[in-house]
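Okay, here's what each chain looks like letter by letter:
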Protein chains: 2
Amino acid sequence: MNNFRMYVPTDIRFGKNRLEELPEVLAEYGKKVLLAYGGGSIKKSGLYDKVVQLLNEQNFTIVELTGIEPNPKIESVREGVRLVREHDLDVILAVGGGSVVDAAKVIAGAVFYEGDAWDVVVDKSKMSKALPLVDILTLSATGTEMNRNAVISNTKTNEKFGTSGWELIPKASFLDPENTYTVSSYQTSAGSADIMSHLCEQYFNRTQGVDVQTNVAEALMKTVIQNTPLALENPNDYDARSNLMWASTLALNGLVGNGAGQGWTCHPIEHELSAFYDITHGIGLAIVTPRWLKFCIEKDDSTHERIANWARNVWNIIEENDEKAARLGVRAMYHYFKDNTKIEMTLQATGITTTEKVREMSELAVKHGGLNSQNPYVPMTENDVEKVLLDCFEEMTVF
Amino acid sequence: MNNFRMYVPTDIRFGKNRLEELPEVLAEYGKKVLLAYGGGSIKKSGLYDKVVQLLNEQNFTIVELTGIEPNPKIESVREGVRLVREHDLDVILAVGGGSVVDAAKVIAGAVFYEGDAWDVVVDKSKMSKALPLVDILTLSATGTEMNRNAVISNTKTNEKFGTSGWELIPKASFLDPENTYTVSSYQTSAGSADIMSHLCEQYFNRTQGVDVQTNVAEALMKTVIQNTPLALENPNDYDARSNLMWASTLALNGLVGNGAGQGWTCHPIEHELSAFYDITHGIGLAIVTPRWLKFCIEKDDSTHERIANWARNVWNIIEENDEKAARLGVRAMYHYFKDNTKIEMTLQATGITTTEKVREMSELAVKHGGLNSQNPYVPMTENDVEKVLLDCFEEMTVF
């Protein structure tokens, strides 16, 4: 096990009917609030009205930043920074999914940086302190509600980068599973695929002696596999929504990754897809992950044992031969996404109908993600990424 | 899943060779330190010298509280409070196992209470704020290093009570697996039994829809089962010690219990054993737990399914009939403790040679633990506890 620091001081308020705690939590940081959110979904669900009413009753000043999109854009961040400075705001309240929270994090960090906000995305060392951030989560997916990471896109430069800072960790996160009842089937499936990918990226590592992390990752994967179909079948299944919400938080708060370092692979590849085509992050991950695992099996025999154990422990594969078990595990994951969560498993279904940018995306994935270094589980060349991406245009039939 | 708050702001510094971070961590709270520890083990291992040298180099003032015993006594707490007040100390540094940290927590909380320290053990509402606490853990067992609980004994009154407070959570915990290399086989086994008991107490609950908690508890139990024999075989097995250390922390930091409320049973019963006979806590738990599970199976058929799933998922029992599977799981646990971790599984082996106090302990366990309420997994009368305790005087042969 590697050395690690785990410091996650986010105050998690999990469960239903506890929004009345919000004013007290916010007031600890001030009464002038940047209310950041996305489109109209929180207005349609009534959450927006409840929040505004609660804060108005307690004489908070609210300045709104609206229109934060999926794959949040640097323009939203710049606008947020401008609003915070103009109105001398004390605290950010992000209401929405991972995109809203990520944008809010970078606003919080960029407020104290004099240059352009994109600089702190490219170079996290430019952030020193941050405005306090509180969030109300409405989507189970990214885990941003309990960590120090954020991902921002720059559509002008086709770049989608992650940034990070201890000071970006939300002060408090309100996780009410009922706020995810209105999430569509499509977004529910995409969110679960995102959670599964976070767990896979951390699970497939070469660190010795990480049984805690391995076993906990398997536990969370099984939880997602059990509960996603239940939430799809009955969107108001409180327990299913609860398990997905809490699993998504724990999947990326350090619990699974700390002590078991390894570079990520599918995320850097998907980040190029989203940067070029603005596709749904989780769907891209669902499509890329099984092709990547197949690549690992075929490129590097030393992966067979671990992928086989994953297949046996998570997907209940009964097969003694490691390579066969590993391949059966990949097949199980592919068909789970396709059949149980109804994700269309080719890039065409996301609207990417041509392979013309595959080479460019492959080169950038290797460059931005350091995929040809020793960091990833299996190092990848541009040709390797290109092959995986081209595989994503075909249904998988051979595993 | 129940509503819960999870707020665990302890700064975990996990791994080896990072003690040089200690002065900076402590200095955030002040330079006048109460150094609390137990017997001579940290002197023998050299840890005491390293800590004192580091702090002296940085001009800390050190006042020592030594002799904190297993099942820490209220007298140690009173002495600590006196020293903090007399020397106007800023911060407590606890170096040791759960007993030392627990005593330090109650010292931290009692300093600001004017009356006798035992009052805040009996009534936690008497604590309001606390002195900051940093610890260096030397035993994998209680999980106190990342939670707000403490257990203190009063040998005058034969009482052993838990107390709790948000302000008691350690500010930082240094978890170096190498500091557990010198832990004896006996204490290693006792510590692992303590972890297993924490997980069982939380795992056996009746809350619906707690897959995250259930699966994570199983993951941690498997980790303990895998790694304890490795640590016993080779006390300097870094990875085995790491997994035990991190599993012990996660077993009781809220991860497994939050959202899945249930009253505990084996701990209240064991607390009477320790209060009356001062036996090793973990050994008492190892002895009580399988008898308690057998009691559950025989008292309440509705427990069979859950105990059977535990048997299958944690102990790899292959048996379709729930009651049979449950009984096979109890047998597996009993023989694991006895054969794989070399715990002598009767109360006689702890030095309790007479049953004369069993009735009194049973009555107090029910009273102190609320065992006849609806809180425990299976409510227990005084007669039920008496039967379980009497069973602890015989080797288990029928499961």
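Residues numbered from 1 in each chain as written. Chains lettered and ligands numbered in written order. Predicted model: local features only at pLDDT ≥ 70, side-chain atom pairs only at ≥ 80, totals over all residues. Heavy atoms only, no water.

1. A few points about the sheet that holds strand S2 (residues 32-37) of chain B
The condition that has to hold: Note: two strands are recorded as paired if DSSP finds a minimum of 2 bridges between them. Secondary structure counts use DSSP, requiring at least four H or I residues in a row for a helix and at least two E residues in a row for a strand, with both numbered from the N terminus. Between N-to-C directions, angles span 0 to 180 degrees; the directions come from axes that are lines fitted to C-alpha atoms, helices contributing only their stretch in contact. Residue contacts are defined here by distance: any two heavy atoms, one from each residue, within 4.5 Å place the two residues in contact.
Read across the open sheet, the 12 strands follow the order S3(A)-S2(A)-S4(A)-S5(A)-S8(A)-S1(A)-S1(B)-S8(B)-S5(B)-S4(B)-S2(B)-S3(B); overall the sheet is mixed. Edge positions in the open sheet fall to strand S3 (61-65) of chain A together with strand S3 (61-65) of chain B, since each of these has one partner strand only. The sheet shows a mean angle of 25° between the axes of neighbouring strands, direction not considered. Lying on the sheet, helix H5 (residues 98-110) of chain B is in contact with S2, S3, strand S4 (91-96) and strand S5 (133-137) of chain B; it crosses S4 of chain B at an angle near 165°.

2. Observations concerning the packing of aromatic side chains
Each pair of aromatic rings is reported with the distance of its centres and the angle of its planes. Residues and elements named next belong to chain A. For clarity, the threshold we go by: Side-chain rings of Phe, Tyr and Trp (the six-membered ring for Trp) are treated as a pair once their centres are within 6.5 Å; stacked means planes under 30 degrees apart, edge-to-face means over 60, and tilted covers the remaining angles. Each residue's exposure class comes from its accessible area (1.4 Å probe, protein chains only) as a fraction of the maximum for that residue type: buried when under 20%, exposed when over 50%, partly exposed otherwise. When the NZ atom of lysine or the CZ atom of arginine is within 6 Å of a ring's centre and also within 35 degrees of its normal, the charge is said to sit over that ring.
Tallied over the full model, the rule gives 30 aromatic pairs over all chains. With centroids separated by 5.9 Å and ring planes inclined at 20°, the aromatic side chains of Trp-118 and Phe-161 adopt a geometry described as stacked. Here Trp-118, found in helix H6 (residues 117-122), pairs with Phe-161, found in strand S7 (residues 159-164); they are 43 residues apart in sequence, far enough to count as distant. Trp-118 sits in the buried class, given a relative accessible area of 9%. Aromatic ring contacts, followed pair by pair, group Tyr-203, Phe-204, Trp-292, Trp-310, Trp-315, Tyr-336, Phe-337 and Tyr-377 into a single cluster. The residue whose ring lies beneath Arg-148 is Trp-166, and the NZ or CZ to ring-centre distance is 3.7 Å.

3. Let's talk about the relation of the copies chain A and chain B
What counts here: Least-squares superposition of the copies uses the C-alpha atoms of those residues scoring a pLDDT of at least 70 in each of them.
Once turned by 180° and shifted 0.0 Å along the axis, chain A lies on chain B with an RMSD of 0.0 Å. Taken together, the rotation and translation describe the operation of a two-fold axis. In terms of C-alpha distance to the rotation axis, chain A has Pro-9 of chain A as its closest residue, with the C-alpha 2.0 Å off the axis. Both copies present the same face, since 100% of the interface residues in chain A are matched by interface residues at the equivalent positions in chain B.

4. A closer look at the domain arrangement of chain A
All names here are of chain A. The line we're drawing: Here the limits of each domain have been adopted from an automatic or database domain assignment. The buried area of a pairing is the accessible area, by a 1.4 Å probe, that goes missing from both parts when the two are put together, added over both. The salt bridge criterion pairs a side-chain nitrogen of Lys or Arg with a carboxyl oxygen of Asp or Glu, the two atoms within 4 Å. Think of a polar contact as two N or O atoms within 3.5 Å of one another; within protein, one of them needs to be a possible hydrogen donor and the other a possible acceptor, and neighboring residues in sequence only count if both atoms come from side chains.
Per the domain assignment, the segments of chain A are domain 1 (11-180) and domain 2 (185-391). Of note, the centres of domain 1 and domain 2, computed from C-alpha atoms alone, are 27 Å apart. The interface of domain 1 with domain 2 comprises 26 residues on the first partner and 26 residues on the second. Where domain 1 abuts domain 2, roughly 2200 Å² becomes buried across the two surfaces, and 60% of that area is made up of carbon and sulfur atoms. Together, Ser-140, Asn-158 and Lys-160 form the three largest contributors to the area buried by domain 1 at its contact with domain 2, with a combined 25%. Counting across the domain 1 and domain 2 interface gives 2 salt bridges. Of the charged contacts in the structure, one is a salt bridge between Glu-270 and Lys-160, with a shortest N-O distance of 3.7 Å. Applying the counting criterion to the domain 1 and domain 2 interface returns 7 residue pairs in polar contact (both at pLDDT 80 or more). Of all the elements in the fold, those that place two or more residues in the side of domain 1 that touches domain 2 are strand S1 (4-14) and S7. Per-element tally for the side of domain 1 that touches domain 2: the top contributor is S7, with 3 residues.

5. A word on the interface of chain A and chain B
Many analyses report the size of an interface as the accessible area lost when the parts associate. The partner chain B presents 39 residues to the 39 residues of chain A that form the contact. Of the roughly 3300 Å² buried between chain A and chain B, counting both surfaces, carbon and sulfur atoms make up 54%. Contact with chain B buries area across many residues of chain A, yet Met-1, Phe-4 and Trp-246 of chain A alone supply 17% of it, more than any other trio. Between the two partners, chain A and chain B, sit 2 salt bridges. In this structure, Arg-5 of chain B and Asp-11 of chain A form a salt bridge, with 2.8 Å as the shortest nitrogen-oxygen distance. Our count for the contact surface shared by chain A and chain B stands at 26 residue pairs in polar contact (both at pLDDT 80 or more).

6. A few points about the UniProt feature "domain: Fe-containing alcohol dehydrogenase-like C-terminal" (unreviewed entry) in chain A
Note the cut-off: UniProt positions are given in the numbering used here, feature names are shortened, and annotations may be inferred rather than shown by experiment.
The feature "domain: Fe-containing alcohol dehydrogenase-like C-terminal" (unreviewed entry), as given by UniProt, occupies residues 190-390 of chain A in the numbering adopted here. Segment residues 190-390 of chain A splits into 66% helix and 0% strand. End C-alpha atoms: 21 Å apart.

7. A short note on the packing of helix H8 (residues 211-233) of chain A against helix H12 (residues 304-315) of chain A
Residues and elements named next belong to chain A. Put simply, the test is: Any angle that is under 35 degrees is reported as roughly parallel, and any over 145 degrees as roughly antiparallel; angles of 65 to 115 degrees are reported as roughly perpendicular and all others as oblique. Helix crossings fall into two classes, left-handed where the near helix is turned counterclockwise from the far one by less than a right angle and right-handed where it is turned clockwise.
Remark: H8 packs on H12, axes separated minimally by 9 Å, with the N-to-C direction vectors making an angle of 45°. When the axes of H8 and H12 are compared, the pair comes out oblique. Note on packing geometry: the crossing formed by H8 with H12 is right-handed. Contacts between H8 and H12 involve Thr-214, Glu-218, Met-221, Lys-222 and Ile-225 from the first element and Arg-306, Asn-309, Trp-310, Asn-313, Val-314 and Trp-315 from the second.

8. Points about empty space enclosed by the protein
Operational definition: Here a cavity means grid points, on a 1 Å grid over the protein atoms only, where a 1.4 Å probe fits yet cannot get out; a pocket means an open set of points with protein on both sides within 12 Å along at least five of seven lines; lining residues are those with an atom within 4 Å of a point. Grid points are joined across faces, edges and corners, and a volume is the space filled by probe spheres set on the points.
Within this structure, the stated rule accounts for 5 cavities of 30 Å³ or more. Each pocket or cavity is described by its volume, and for the largest cavity that value is around 100 Å³. As for the largest cavity, its lining consists of 13 residues, and the residues nearest its centre are Met-6, Met-146 and Asn-253 of chain A together with Met-6 and Asn-253 of chain B. Put simply, the parts of the chain that give the lining of the largest cavity at least two residues each are S1 of chain A together with strand S1 (4-14) of chain B.

9. Quick look at the UniProt feature "domain: Alcohol dehydrogenase iron-type/glycerol dehydrogenase GldA" (unreviewed entry) in chain A
Those places that UniProt annotates as "domain: Alcohol dehydrogenase iron-type/glycerol dehydrogenase GldA" (unreviewed entry) correspond, in this numbering, to residues 9-177 of chain A. In residues 9-177 of chain A, the share of helix is 32% and the share of strand is 26%. The end C-alpha atoms are 21 Å apart.

10. Digging into unusual backbone geometry
Residues and elements named next belong to chain B. Although it is not a glycine, Asp-88 adopts a positive phi angle of roughly 55°. Secondary-structure assignment places Asp-88 in the loop between helix H4 (74-87) and S4. Its identity is not glycine, yet Asn-158 carries a phi of approximately 50°, on the positive side. For Asn-158, the position within the fold is in the loop between strand S6 (149-154) and strand S7 (159-164). For Asn-158, a relative accessible area of 25% puts it in the partly exposed group.

11. Focus on helix H7 (residues 185-203) of chain B
Just so we agree on the cut-off: A helix is expected to span 1.5 Å for every residue after the first.
Counted at 1.5 Å a residue, the expected span for H7 of chain B with its 19 residues is 27 Å, and the 27 Å between its end C-alpha atoms agrees. In terms of burial, H7 of chain B is largely enclosed, as 16 of its 19 residues are buried.

12. Observations concerning the packing of helix H14 (residues 358-369) of chain B against helix H15 (residues 382-391) of chain B
Residues and elements named next belong to chain B. Taken N-terminus to C-terminus, the directions of H14 and H15 make an angle of 130°; their axes are 8 Å apart at the nearest point. Considered as vectors, H14 and H15 are oriented oblique to each other. Considering only the axes of H14 and H15, their crossing is right-handed. Of H15, the residues touching H14 (which contributes Val-358, Arg-359, Met-361, Ser-362, Glu-363, Ala-365 and Val-366) are Glu-382, Asn-383, Val-385, Glu-386, Leu-389 and Leu-390.

13. Let's talk about the pattern of salt bridges
Two side chains bearing opposite charge may form a pair once their charged atoms approach each other closely. Throughout the structure, instances matching the rule amount to 44 salt bridges over all chains. In this structure, Glu-363 of chain B and Arg-359 of chain B form a salt bridge, with 3.1 Å as the shortest nitrogen-oxygen distance. Taken together, the positions of Glu-363 of chain B and Arg-359 of chain B, both in helix H14 and 4 residues apart, correspond to about one turn of that helix. A residue is classified by how much of its surface remains accessible, and Glu-363 of chain B, at 38% relative accessible area, is partly exposed. Bridged by salt links that share partners, the residues Arg-5 of chain A together with Asp-11, Arg-13, Arg-18 and Glu-21 of chain B form one connected network.

14. A short note on the environment of Lys-129 of chain B
All names here are of chain B. Inspection of the secondary structure assignment puts Lys-129 in the loop between helix H6 (117-122) and S5. Placed 39 residues apart in sequence, Lys-129 and Leu-168 show a C-alpha to C-alpha distance of 8.2 Å. Excluding anything up to four places from it in sequence, Lys-129 contacts Ala-108, Gly-109, Phe-112 and Glu-167.

15. Some details on the pairing of strand S4 (residues 91-96) of chain A
Residues and elements named next belong to chain A. Of all 6 residues in S4, 6 are buried; the element is thus mostly enclosed. Burial along S4 is two-sided: Val-91, Leu-93 and Val-95 facing one way and Ile-92, Ala-94 and Gly-96 facing the other are all buried. In the sheet, strand S2 (residues 32-37) pairs with S4 via 5 bridges, with the strands oriented parallel. Pairing of Ala-36 across the sheet is with Ala-94, part of S4. Two strands pair when backbone bridges link them, and S4 and strand S5 (residues 133-137) are joined in this way by 5 bridges, in the parallel orientation. From the neighbouring strand, Leu-93 faces S5, where its bridge partner is Val-134.

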